[in-house]
Amino acid sequence: MDSSATNQKTFSITTPIYYVNDVPHIGSAYTTIAADVVARFQRLQGKPVRMVTGTDEHGQKIQRTAEAAGRLPQEHCDLIAKEFESLWHQLNIQVDSFVRTTNPRHEAIVKEFFQRVWERGDIYLGQQQGWYCVSCEEFKEERDLLEGHRCPLHPNKEVEWRDEQNYFFRLSSYQGKLEQLYQDQPDFIQPESRRNEVLSFVSRGLQDFSISRVNLDWGIPVPPDPNHTIYVWFDALLAYITALLEPDQEATLANATAKWYPFNLHLIGKDILRFHAVYWPAMLMSAGLPLPDRVFGHGFLTKDGQKISKTLGNVIDPVDLVSRYGSDAVRYYFLKEIEFGRDGDFNETRFVNTLNADLANDLGNLLNRTLKMVQKYCGGHVPNVQAADIAMDDVLRSKGEHLGQQVIQAYDDLAFSQACEMIMSLVRAGNKYVDEQAPWTLFKQGKQVELEQVLYSVLESVRLAAYLLSPIVPTISNAVYQQLGFAIDFNHAAVGQSDDFSAQIRWGFLSAMQALGEAAPVFQRVELP
Ligand code: ME8
């Protein structure tokens, strides 16, 4: 994690505040799973964490969606927001704050913020002419459009011509300050490819952007001019701040920014990078508020190599996926199979194969067969072995010794797939070790000391793997820990304490003679429908 972090004692992280134009998408699930994994990893280290997500409910897109569905906007928002909350629950996401932009407390925060920026002299009335993409809720430059005035992100929809009076935010006057920020805080935008995109965009010169709309009721009125409503993006970004209020606190910026602010990490997809890496820091500078430590823009998911879209009819329903395969399976697949930051693909055959290979076979079987041998040869408890007595060059010990530190680094870098790969490499080495050391032969030969050392090494490696995987597959990790005789619940929000964490990430933590639990498969094989 950025060592210059201003906010070392607590950790606050956000997902985008998702539009309620539709039920949750596999893309929203992807970002939220990743954010949950980061939050869980911080909690494991004993840090107080605030994980923020929520729904973006204002603007033309939502108003039109509600109309098309024959619902009042608020009624529509209430319905869809529930779907998001329910999916997060099913995916075992630990949300600390679910913010909705139609909450009156949010309106108070937006108005106070607007006022500050207004007093700073950064807002003025002007004429906005241009092409507007309602699906993006964004004005597009002519040169960025496809033929027939279509938005590259929504090619089935035409952009709309607008010529109206709007309030503008003086983004242009933040050009120098933003460039200074990217230079002083090179980790502010990640990964590197996204940072380069932003640098190049900013170097072409920043234009002021409009932050109000006329002829649109479904939004927050502009305080000095209620004929206008606040632009949905200006409103939505501020939901991050609203989300930091405690339930009984008065909705003021001072209260909201007292404990968890500034944010350690905004996790987003690459589609909304400019809003987070350019507009948002400029807005915060204008309001005199500190900036987040980092913004990470991950890649986009495709299905079987194709863009996911309703028009193509290849939408993946996350609710369906989780109900068929379980939360750990979905969480594991997306983080293990796709390099975070790059685009990645979902393919159901590969999904099933990965889960069976890694979780059912490599991890699950290793634990199961080792526990059975321990029952048979050592009598129902962890072998009577001190980790220190195992040779330094023992294959598993030497691999396990450095694993904790390497995996911490990978989680800090959001290199989830690398973290999984490193952990699974210890597990695979464990399987090979059992085959090569053949404990059953050692038993027949009466080599009890060696036998117990071999079995200890394997059990300890499975334990370490389960601990390090716990932010990703907490249910499986719970089952492994239970079978190893521990009483830890990785789903308990306050699971971690920093001293416990440093002990647990060391190979050799498992105590000799600890009573073991019942052996049972920790992950049931999955099958294609
Ligand atoms: O943009 N692959 O909301 P949104 C990966 N309300 N991630 C994807 C994806 C895909 N195919 N599709 C969507 C908004 N996402 C605004 C945000 S924040 C103050 C306001 C994810 O519902 C990804 O995180 O359109 C992307 O940035 C986000 O969903 C867009 O969500």
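As the structure is a computational prediction, the values presented were derived from the model and not from experiment. (Residues numbered from 1 in each chain as written. Predicted model: local features only at pLDDT ≥ 70, side-chain atom pairs only at ≥ 80, totals over all residues. Heavy atoms only, no water.)

Student: Lay out the site of the ligand with the relevant residues and their values.
Tutor: Around the ligand, a shell composed of 21 residues is seen, among which Ile-17, Thr-31, Asp-56, Asp-271 and Leu-301 lie nearest. Within the backbone of Ile-17, one N or O atom sits 2.7 Å away from a nitrogen atom of the ligand. Its free accessible area being 670 Å², the ligand has 90% of it covered by the protein chains. Contributing elements (two or more residues each) for the shell around the ligand: strand S1 (11-19), helix H1 (26-44), helix H7 (232-237) and strand S14 (265-269). Among the elements that line the shell around the ligand, the one with the most residues is S1, at 4 residues. Its residues placed into classes, the shell around the ligand shows 12 nonpolar, 7 polar and 2 charged. (Near = heavy atom within 4 Å. Polar contact = N/O pair within 3.5 Å; in protein donor to acceptor, adjacent residues only side chain to side chain. Areas by Shrake-Rupley, 256 points an atom, 1.4 Å probe, with all protein chains shown as cover. Helix = DSSP H or I, 4+ residues; strand = E, 2+ residues; numbered from the N terminus. Nonpolar A, V, L, I, M, F, W, Y, C, P; charged D, E, K, R; others polar.)

Student: Mind laying out helix H13 (residues 348-378), listing which residues take part and the relevant values?
Tutor: The axis of H13 is deflected most strongly, by about 35°, at Gly-364. Looking one or two residues beyond H13, the residue adopting positive phi is Gly-379, at roughly 80°. (Bend = angle between axes of the 7 residues up to and from the residue.)

Student: Explain the sheet that holds strand S8 (residues 160-169) residue by residue, including any values.
Tutor: Taken in spatial order, the 4 strands make up an open sheet running S5-S4-S8-S10, and their pairing is antiparallel. Where the open sheet ends on each side, the last strands, each with one partner, are strand S5 (138-140) and strand S10 (209-210). As defined by bridge partners, strand S4 (residues 123-133) adjoins S5 across 3 bridges and the pair is classed as antiparallel. Opposite Tyr-132, over in S5, you have Phe-139 as the bridge partner. (Pairing = 2+ DSSP bridges.)

Student: Please set out unusual backbone geometry residue by residue, giving values where relevant.
Tutor: Excluding glycine, residues mostly have negative phi values, and the peptide bonds linking residues are mostly trans. Of the consecutive residues Gln-190 and Pro-191, the connecting peptide bond is found in the cis state with omega at -10°. Of note, Pro-191 is situated in the loop between strand S9 (189-190) and helix H6 (192-203). Cis geometry marks the peptide bond from Tyr-261 to Pro-262; its omega dihedral reads 0°. Inspection of the secondary structure assignment puts Pro-262 in the loop between helix H9 (253-256) and S14. Phi is positive for Glu-137, which is not a glycine, with a value near 55°. Structurally, Glu-137 is set in the loop between S4 and S5. Non-glycine residue Asp-304 carries a positive phi angle of around 45°. Along the polypeptide, Asp-304 turns up in the loop between strand S16 (301-303) and strand S17 (306-307). Among the residues examined, Asp-304 registers a relative accessible area of 45% and is labelled partly exposed. (Buried < 20%, exposed > 50% of the residue type's maximum accessible area, 1.4 Å probe, protein only.)

Student: How would you sum up the environment of Leu-396? Please name residues and give values.
Tutor: Tracing the sequence through the fold places Leu-396 in helix H14 (residues 395-412). Taking relative accessible area as the criterion, Leu-396 reaches 0% and is therefore assigned buried. Between the C-alpha atom of Leu-396 and that of Met-373, which follows or precedes it by 23 residues, the distance is 18 Å. With near-sequence residues (within four places) excluded, Leu-396 lies in contact with Leu-426, Ala-429, Gly-430, Tyr-433, Ser-457, Val-458, Ser-461 and Trp-507. (Contact = heavy atoms within 4.5 Å.)

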